[in-house]
Amino acid sequence: MEQSAFEKIYEIVRQIPYGQVATYGQVAQLAGNKRWARVVGYALHANPDPEHIPCYRVVNKEGRVSDAFAFGGGNRQVELLQAEGVAFVDGRVDMEQHQWDKPMY
């Protein structure tokens, strides 16, 4: 049985290492379709298992967190990332230091 788009997205998000972030577009491309950035957002908003699918590690391409973070808002997302040692500069994740460097295929 083929995986759904959401299942593919969750599989990628589970792989984002502690202390690192990925962008919506990066997750989309790794899940198989670089045009799925918005779908990634929908999938993370509907995250069925936030304890094991670390959706807070996904940010936009500028390193901004989501004001609509489904599990407590943008401030909660910042708190979760900072607890993992993720640095912020001018309210954005320091992408040079913390962006997941998984190779894109």
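1. A few points about the overall build of the protein
A tally of regular secondary structure across the protein gives five helices and four strands. Across the protein, helices and strands are ordered from the amino to the carboxyl terminus as α-β-α-α-β-α-β-β-α. By the compact-globule yardstick of 13 Å for 105 residues, the protein fits well, its C-alpha radius of gyration being 13 Å. Taking as baseline every contact in the protein between residues at least 6 positions apart, the subset at least 24 positions apart corresponds to 61%. Taking the average location of the 11 positive side-chain charges in the protein and that of its 13 negative ones, the two points are 7 Å from each other.

2. A short note on helix α1 (residues 5–15)
The complete set of buried residues in α1 reads I9, Y10, I12 and V13. Along the axis of α1, the buried positions cluster into a sector of 165°, meaning they face one direction only. Check the buried side of α1 and you find it contacts α2 (24–31), α3 (37–45) and β2 (58–59).

3. Description of the packing of aromatic side chains
Geometrically, a pair of aromatic rings is defined through the distance of the ring centres and the angle of the planes. A complete count under the given rule lists one aromatic pair for this structure. Measuring from ring centre to ring centre gives 6.2 Å for F6 and Y10, while their planes differ by 65°; the resulting arrangement is edge-to-face. Of this pair, F6 and Y10 both sit in helix α1, four residues apart, which is roughly one turn of that helix. When its relative accessible area of 30% is taken as the criterion, F6 is described as partly exposed.

The rules behind these values
Residues numbered from 1 in each chain as written. Predicted model: local features only at pLDDT ≥ 70, side-chain atom pairs only at ≥ 80, totals over all residues. Heavy atoms only, no water. Helix = DSSP H or I, 4+ residues; strand = E, 2+ residues; numbered from the N terminus. Rg over C-alpha atoms; globule rule 2.2 N^0.38 Å. Contact = heavy atoms within 4.5 Å. Lys, Arg positive; Asp, Glu negative; His and termini not counted. Charge placed at Lys NZ, Arg CZ, Asp CG, Glu CD. Buried < 20%, exposed > 50% of the residue type's maximum accessible area, 1.4 Å probe, protein only. Arc of directions from axis to C-beta. Phe/Tyr/Trp six-rings, centres within 6.5 Å; stacked < 30°, edge-to-face > 60°.

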